[in-house]
Structure formats: C-alpha cells, structure tokens
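Below, each chain spelled out in residue letters.
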Amino acid sequence: MTLIAILMGTMAAGIGSVWLAALLSFGVLARYTQHMLSLAAGALLATAFMHLLPEAFESQAGAKELFATLLVGLVFFFLLDKAELWHHGHEHHGGEHHDHDHGHDHHNHGAKTGGWAVLAGDSVHAFGDGILIASAFMADLRLGFVAALAVMVHEVPHHMGDLVVLRQSSNNRRVALIKVSLAGAVTALGGMVGYALVDQLYEYLPFFLIIASSSFIYVALADLIPQLQRRATARETATQIAWLAIGIGLVTLISGVAHHH
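Fair warning: this is a prediction, and the values are worked out from it, not measured in the lab. (Residues numbered from 1 in each chain as written. Predicted model: local features only at pLDDT ≥ 70, side-chain atom pairs only at ≥ 80, totals over all residues. Heavy atoms only, no water.)

(A) Main features of the overall build of the chain. Per the secondary structure count, the chain includes eight helices and zero strands. Listing every helix and strand of the chain by position from the N terminus yields α-α-α-α-α-α-α-α. The 261 residues of the chain split such that 44% are buried. In the chain, of all internal contacts separated by at least 6 residues, the share reaching a separation of at least 24 is 85%. (Helix = DSSP H or I, 4+ residues; strand = E, 2+ residues; numbered from the N terminus. Buried < 20%, exposed > 50% of the residue type's maximum accessible area, 1.4 Å probe, protein only. Contact = heavy atoms within 4.5 Å.)

Shown next, in the form of structure tokens:
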C-alpha cells in the first residue's frame, strides 16, 4: 500500500509540476506567475516549519544533530546553486546574469546542449525529490501526500525557468514531452530507492525530513522571495502578502488535519 502511494505521489509530483509550469509559461495563466511565486514561497516555508521540522524533532534524534543537518543542508543547496550559476556563466560566454531567464544563446546548437544540460540537472533533482517523498510517506501517508504536493508546487517556478532555456531549442513540444517523461520516471525511481533505503535506515528518517526542509527553506528564501522583492505598489505588495498567506494557510490546514488523524 505504501509503495503504491509512493509511486502515485512521485508520478503526480514529477509530471504535474512540469505540466503546471508549461501551463504557466505558455498558457492562459502566464499573467499569474507572480501570484504563483508567492503561493509557492508560503507553501514551502509552511511545509518546512509547520510540518517536516516538527515531525523530525518529535523523533529520538538529538536537537543539536538535527540543527547541524539543517545547516549543512542549507549550505549544500547554496553551493549547488553556485555551481549551477558558474556553469550557466560559462555556457553563456561569461554571461553577467544569473540565469535561468537568460537563454539568449541564438545558436541552435548551443540552445540544444543547454536544453539537455537542464534536463540532466532536473533528473538529478527529481531523483532527490522522489527519495524525500518516499521518506515522508514512510513516516505517515498523509504527510507523504502533503510532501508530494509541496514538491509539485516548489518545482513549478524552477521548471518555468528551465522551460525558458528549453524553448530555445527548435521543437519545444518534443523537448517538453521528454522532460515530462523524465521528471515522472526519475521521481518515481527516486521513490522506489527511497522506499528500499528508508525501510532499512528507519532511524535516519528524521534526517531525511530535515534535508527536505533545508531544500524547501532554501528555495523559498533564496529563489522565490528575492523575485518578489522588487519595487511594487501598495496594492501589488498586499496581493503578494495575501498569496503568501494563502500558501501558508493551505499547508498549515492540511498539516493540522493530518496531525489530527
């Protein structure tokens, strides 16, 4: 039963996030991107602080070790980002911008290799997500569904940036299709490995949850919130805060119900 739930959750998170990103990037929802960023930031922070961290700290593991893991996780994701920026800088001939949004490589060949580099990076990321979703399911089924939902939401802005790069290659529909298949398959593969691993390493589960939290906190604070920190009118700011609150509220509500049961 747990394995079936893990497979369903990982496939939904893997494929759903890509389709949502494509819908937001190219579809009718394109104008709501800012709202989605706020919602994702709120959902991620609430998932980490209201759900995963409390779950980890309820275990027998020592607080000092858990906080150390959180710190190492945050630094690790910072370094991972640095490596990606460095790689992008090289790819765009010393491009001055950080950039998923750059992608102004007009040579078709350059764009295609860039697209495949993005796909390779996503596969690694999706594999990690699968392991994290599996570890959440092992702790509690409802927690697993929340984690799958949170992963799906937090992957959307990341995939939107990637699709900008992928759009540079000639047949964007075909590449997007490959990306969907890869994300779904690799996330599920991560889920299977996670299921096998977590089963044997049950006492390390709190540390899996902490690493998941550090990834969510890092993405929210380093990737999403800076994009919202632009000069905005009072009305835009209020809208941002409202969507952030909706994100926090939704997750807290689901988490509260799950804990209640």
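(B) A look at the nonpolar core. Counting 39 residues, the largest nonpolar core has Ala13, Leu44, Leu52, Ile133, Ile210, Phe216 and Leu224 as the members making the most contacts within it. Among the elements of the structure, helix H1 (2-26), helix H2 (33-57), helix H3 (63-91), helix H4 (108-139), helix H5 (141-166) and helix H7 (205-228) are those that each provide at least two residues to this core. Ranked by the residues each element gives to this core, the list is headed by H7, at 11 residues. (Core = buried A, V, L, I, M, F, W, Y, C linked by side-chain atoms within 4.5 Å.)

(C) Representation of the side chain of Thr69. Its location among the elements puts Thr69 in helix H3. Taking the relative accessible area as the measure of exposure, Thr69 reaches 17% and is therefore buried. Residues contacting Thr69, with those up to four places away along its chain left out, are Phe207, Ile210 and Ile211.

(D) The arrangement of the pattern of salt bridges in detail. Inspection of the entire model under this criterion finds one salt bridge. Notably, a salt bridge pairs Arg142 with Asp140, separated by 3.8 Å at the nearest N-O pair. Owing to a relative accessible area of 37%, Arg142 belongs among the partly exposed residues under this scheme. Look at Asp140 and you get partly exposed, because its relative accessible area is 25%. (Salt bridge = Lys/Arg side-chain N within 4 Å of Asp/Glu carboxyl O.)

(E) Spatial organisation of the UniProt feature "transmembrane region" (unreviewed entry) in the chain. Mapped onto the present numbering, the UniProt feature "transmembrane region" (unreviewed entry) falls on residues 6-29, 36-54, 66-83, 176-198, 204-225 and 237-258. For the annotated span residues 66-83, helix accounts for 100% and strand for 0% of the residues, and the straight-line distance between the end C-alpha atoms is 26 Å. Secondary structure across residues 176-198 comprises 100% helix and 0% strand; the distance between its end C-alpha atoms is 32 Å. (UniProt positions renumbered as here; feature names shortened; annotations may be inferred.)

(F) A look at H7. With 24 residues, H7 should cover 34 Å at 1.5 Å per step; its first-to-last C-alpha distance of 33 Å lies within 8% of that length. Bending of H7 peaks at approximately 30° at the position of Ala220. (Expected span 1.5 Å × (residues − 1). Bend = angle between axes of the 7 residues up to and from the residue.)

(G) Fine view of a nonpolar patch on the surface. On the surface, Leu71, Val75, Phe78 and Leu79 cluster together into a nonpolar patch covering about 370 Å² of accessible area. Within the secondary structure, Leu79 is located in helix H3. Under the relative-accessibility criterion, Leu79 is labelled partly exposed at 48%. (Patch = residues over 30% accessible without salt bridge, like charges linked within 9 Å, V, L, I, M, F, W, Y side chains within 5 Å. Areas by Shrake-Rupley, 256 points an atom, 1.4 Å probe, with all protein chains shown as cover.)

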